[in-house]
Amino acid sequence: MTTINLTFLGTSSAQPSATRNHQCIALRLDGDIWLFDAGEASQHQLQRSQLRMGKIEKVFVTHMHGDHCFGLPPLLCTMTNSNPSASNEAPKPPIEIFGPSTLRRWLRSTLKLTRSTLGRQYTVHELLLPTDPIDSGDPTDPDNPLHHNEILGRNILIDTANNAWSVLTTDKWSVIAAPIVHSIPSLGYVLTEHPIPGKIDIVTIQPLLARNKDALLREQGVKNPMALLRTVQSGKDLHLPDGTVVLAPKPRPGRRIVILGDTSDPSLIAPHARDADLVVHEATNAKTFLDPPELTYEEAERNAISHGHSTPQMAGRWARGVNARRLVLTHFSARYKGDDGGEEGAQGEGPRVMEEIRRLAVETFGEERDGEVFCARDFWSVDVPRT
Ligand SMILES: [Zn+2]
Ligand SMILES: [Zn+2]
């Protein structure tokens, strides 16, 4: 079974605090790391974690606010130079970076103006709305030549029929993105694992194979009938000499992970996020015991929405609407400490306010799913098991 795991390297909103760094989520799958956002000092957080920078193959940027991308240029410099290909190895493929319009030009300018050289090539694929400018990256354009480590990426236009970008397909995963409402263009990503083979019922099949052992050898030259289990597992029905047909198990849906950028309304991505195993949703502002009693929830929500953000209740409601199994909140205001409470432990201000925020999300996500709502802290990890 493939382990999939998300590590939250930064969980603050616009301003970092002593206990929370800017946004960065590392998704570990199949030995690689895919990074979602790289706020300032993401490389420091990676160095302090158990994750190996050299394993990062792809970076997905949700939007161009600095708390989500200011850490990308220095991270690229370190992660490619700390692990250069040995001279006798084939060069590694370029680091792939996905994100909204202007990401490519911004990264190129930053790397060029700082005279930065990477130990590996990189490419930026832009997810474009019809009104976005196309960055030609024309090597002959004197105003806009590529960085010397850059390979021109794809310009991926939104499919207006379903309001989504087809970002990427690998042998095991497909990734789409869709626009979500924020103060600037912002994206959510949906990762869907390809259907996985169903489970075969060995207890039932074994006696059938044993019963046909001699005939299988005689008629089909099969010396080891148990080897036929692989045929069934691969999705092919098995026709045995005595007329029995062993049906291949139906494929099971793969896992689905939804990672949203900053948003006050992710409804456009909802049709793609149905039945997610895990939703990562921001919850920047809340009304908690830290606020004066006269502040109403409605005022707190209005305030959050006016800045393009969400409350825990909004996150819980949305996650319930897409029938998510598990909800992780992140991107917290600097007011909410992400510590363990120090000497006071669970009674400390940080744990108490985070539990209050978590409970606010449970109110709308569903009491029956109380155990499936989490508030992320820096370096906290969560697995995404198969159901
Ligand atoms: Zn942000
Ligand atoms: Zn933002």
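Residues numbered from 1 in each chain as written. Chains lettered and ligands numbered in written order. Predicted model: local features only at pLDDT ≥ 70, side-chain atom pairs only at ≥ 80, totals over all residues. Heavy atoms only, no water.

Novice: Which parts of the structure should I look at to understand the overall build of the protein chain?
Specialist: For the protein chain, the helix and strand inventory stands at ten helices and 18 strands. Along the longest, intermediate and shortest principal axes, the C-alpha atoms of the protein chain span 80 × 60 × 45 Å. With 387 residues in all, the protein chain has 51% of them scored as buried. Of the contacts formed within the protein chain by residues at least 6 apart in sequence, a portion of 67% connects residues at least 24 apart. A gap of 8 Å separates the mean positions of the 41 positive and 47 negative side-chain charges of the protein chain. (Helix = DSSP H or I, 4+ residues; strand = E, 2+ residues; numbered from the N terminus. Buried < 20%, exposed > 50% of the residue type's maximum accessible area, 1.4 Å probe, protein only. Contact = heavy atoms within 4.5 Å. Lys, Arg positive; Asp, Glu negative; His and termini not counted. Charge placed at Lys NZ, Arg CZ, Asp CG, Glu CD.)

Novice: So what exactly am I meant to see when it comes to the pairing of strand β11 (residues 186-193) here?
Specialist: On any regular strand, side chains alternate: one points to one face of the sheet, the next to the other face. With eight of eight residues buried, β11 lies mostly within the body of the structure. Of the two faces of β11, the one lined by Ser 186, Gly 188, Val 190 and Thr 192 and the one lined by Leu 187, Tyr 189, Leu 191 and Glu 193 are each fully buried. When strand β10 (residues 173-180) meets β11, the two strands line up antiparallel, connected through eight bridges. When the sheet's bridge partners are listed, Ile 176 is paired in β11 with Val 190. A loop of five residues connects β10 with β11, the two strands running antiparallel in sequence. Pairing between β11 and strand β14 (residues 256-260): five bridges, direction antiparallel. The partner of Thr 192 across the bridge, within β14, is Arg 256. (Pairing = 2+ DSSP bridges.)

Novice: Where do I start with the pattern of salt bridges in this structure?
Specialist: Working definition: two side chains of opposite charge can pair if their charged atoms are close together. Per the stated rule, a full pass over the model turns up 19 salt bridges. The partner of Asp 30 in a salt bridge is Lys 172, and the shortest N-O contact between them spans 3.7 Å. Of this pair, Asp 30 sits in the loop between β2 (24-29) and β3 (32-36) while Lys 172 sits in the loop between β9 (165-169) and β10, placing them 142 residues apart in sequence. A relative accessible area of 38% means that Asp 30 is categorised as partly exposed. A relative accessible area of 34% means that Lys 172 is categorised as partly exposed. One connected set of salt bridges, linked through shared partners, spans Arg 104, Arg 105, Arg 108, Asp 135 and Glu 150. (Salt bridge = Lys/Arg side-chain N within 4 Å of Asp/Glu carboxyl O.)

Novice: Help me understand the packing of helix α9 (residues 312-321) against helix α10 (residues 349-365), please; the structure alone is not making it clear to me.
Specialist: Angle between the axes and distance between the axes are the two parameters that describe a pair of packed helices. Two elements in contact, α9 and α10, have axes separated by 7 Å at closest approach and are oriented at 35 degrees. As for the relative orientation of α9 and α10, their crossing is right-handed in sense. Touching Pro 312, Gln 313, Gly 316, Arg 317, Ala 319 and Arg 320 of α9 are Ile 357, Leu 360, Ala 361, Glu 363, Thr 364 and Phe 365, all from α10. (Axes fitted to C-alpha atoms, helices over the stretch in contact; angles between N-to-C directions. Left-handed = near helix turned anticlockwise from the far one by under 90°.)

Novice: Would you take a moment to explain the sheet that holds β14 for this structure?
Specialist: Within a sheet, each strand pairs with its neighbour through backbone hydrogen bonds, oriented either parallel or antiparallel. Taken in spatial order, the seven strands make up an open sheet running β9-β10-β11-β14-β15-β16-β17, and their pairing is mixed. This sheet does not close on itself; its edge strands, each paired only once, are β9 and β17 (373-375). For this sheet, the mean angle separating the axes of adjacent strands, direction not counted, is 20 degrees. Summarising the sheet, strand β15 (residues 278-282) and strand β16 (residues 327-330) pair through four bridges and their orientation is parallel. Looking across to β16, one finds that His 281 is bridged to Leu 329. The sheet contacts of α9 involve β14, β15 and β16, and relative to β16 the element is tilted by about 150 degrees.

Novice: Honestly, the coordination of the zinc ion (ligand 2) in this entry has me stumped. Any pointers?
Specialist: A four-donor tetrahedral metal ideally has 109.5 degree angles, and a six-donor octahedral metal ideally has angles of 90 or 180 degrees. In the first shell of the zinc ion (ligand 2), the protein supplies His 63 (NE2), His 65 (ND1), His 182 (NE2) and Asp 262 (OD), at 2.2 to 2.4 Å from the metal. The metal-metal distance between the zinc ion (ligand 2) and the zinc ion (ligand 1) is 3.4 Å, with Asp 262 serving as a donor to both. Of this pair, His 65 sits in the loop between β4 (56-60) and α2 (66-69) while His 182 sits in the loop between β10 and β11, placing them 117 residues apart in sequence. For His 65, a relative accessible area of 27% gives the class partly exposed. (Donors = N, O, S within 2.8 Å, 3.2 Å for Na, K, Ca; no water.)

Novice: Just to check I follow, could you spell out empty space enclosed by the protein for this structure?
Specialist: To locate leftover empty space, one rolls a probe as large as a water molecule over the atoms. Applying the stated criterion to the full structure yields two cavities of 30 Å³ or more. A volume near 70 Å³ is recorded for the largest cavity. Forming the walls of the largest cavity are 14 residues, and the residues nearest its centre are Gln 23, Ile 25, Asp 37, Leu 260 and Gly 261. Sorting the residues of the lining of the largest cavity by element identifies β14 and β15 as the ones contributing at least two each. (1 Å grid on protein atoms, 1.4 Å probe; cavity = no way out; pocket = protein on both sides within 12 Å on 5 of 7 lines; lining within 4 Å. Points joined across faces, edges and corners; volume = space filled by probe spheres on them.)

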